[in-house]
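# Descriptive structure summary
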Amino acid sequence: MYNHSDFGKSFKIVITEEPNQEIKNEFLKDLSSIDSQLIEYYKSINSSDEKYFNLYSENELIGYSRLIFQFQYAVLSEIFVLNDFRELGLGTFMLNSIRTYLDELDIKLRTITLPSDRTAKNFYEANGITARILLMEEKRDKTRYRP
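Described below are features of the structure shown in this document. Every residue gets a number counted from 1 within its own chain, in the order that chain's sequence is written. With pLDDT at 70 or above as the cut-off, local features in this predicted model cover only qualifying residues; side-chain atom pairs require 80 or more to be listed or tallied, and sums for whole chains, interfaces and linings still use all residues. Working from all heavy atoms in the structure, the side-chain values ignore hydrogens and water.

## What to know about the overall build of the protein
Scanning the protein for helices and strands turns up four helices and six strands. Counting from the amino terminus, helix and strand elements in the protein follow one another as β-β-α-α-β-β-β-α-β-α. For 147 residues, the compact-globule formula gives about 15 Å, and the C-alpha radius of gyration of the protein, at 15 Å, lands near that figure. With the C-alpha coordinates aligned to their principal axes, the bounding extent of the protein is approximately 45 × 35 × 30 Å. Here the protein, with 147 residues, has 37% of them falling under the buried criterion. Any two residues whose heavy atoms approach within 4.5 Å are treated as being in contact. When contacts within the protein are restricted to residue pairs at least 6 apart in sequence, long-range pairs at least 24 apart make up 62% of them. Using the Shrake-Rupley algorithm and a 1.4 Å probe, accessible areas are obtained, with residue cover drawn only from the displayed protein chains. Carbon and sulfur atoms provide 49% of the accessible area of the protein, an area that totals close to 9,500 Å². Here a helix means four or more residues in a row that DSSP labels H or I, a strand means two or more in a row labelled E, and each is numbered from the N terminus. It is over C-alpha atoms that the radius of gyration is taken, and the globule rule equals 2.2 Å times the number of residues to the power 0.38. Each residue's exposure class comes from its accessible area (1.4 Å probe, protein chains only) as a fraction of the maximum for that residue type: buried when under 20%, exposed when over 50%, partly exposed otherwise.

The structure is reproduced here in structure tokens:
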């Protein structure tokens, strides 16, 4: 378990094998405004080796991250904090907790994000993660920017 205190509150991360479906649905709802076809594909990504880092404020679940283990990598495919708790450094707390966890296992970290999702791109770059490969596809009519 990883702990963090700030703003007069205590935060903790609890690692589980299964997601909390309610908060996962909030994440998917947040992303669905970008590109519903990509989100459907994204939702279909499954793995038998996953871990969920559930973020709590006191006893309230306020965010989570999903790690998929593939070969010698752990792929951070989801990282989400509820709107009321954003801009408090909690995403960075989750990311750093994941890094500590993976360092103990000697596993390298990769992430997945949509190239037009500037919020995610800026978050990862601010935390020392950069693009090393781009997956390209034919252009679509609908843009894929968060509103």
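So that's the structure; there's more coming.
## Examining helix H3 (residues 90-105)
For H3, built from 16 residues, the straight-helix expectation of 22 Å at 1.5 Å per residue is met to within 8% by its first-to-last C-alpha distance of 23 Å. Along H3, the residues that are buried comprise Leu90, Gly91, Phe93, Met94, Leu95, Ser97, Ile98, Tyr101 and Leu102. Directly after H3, the chain includes Asp106, whose backbone phi takes a positive value near 55°. Here a helix's expected span is defined as the number of its residues, less one, multiplied by 1.5 Å.

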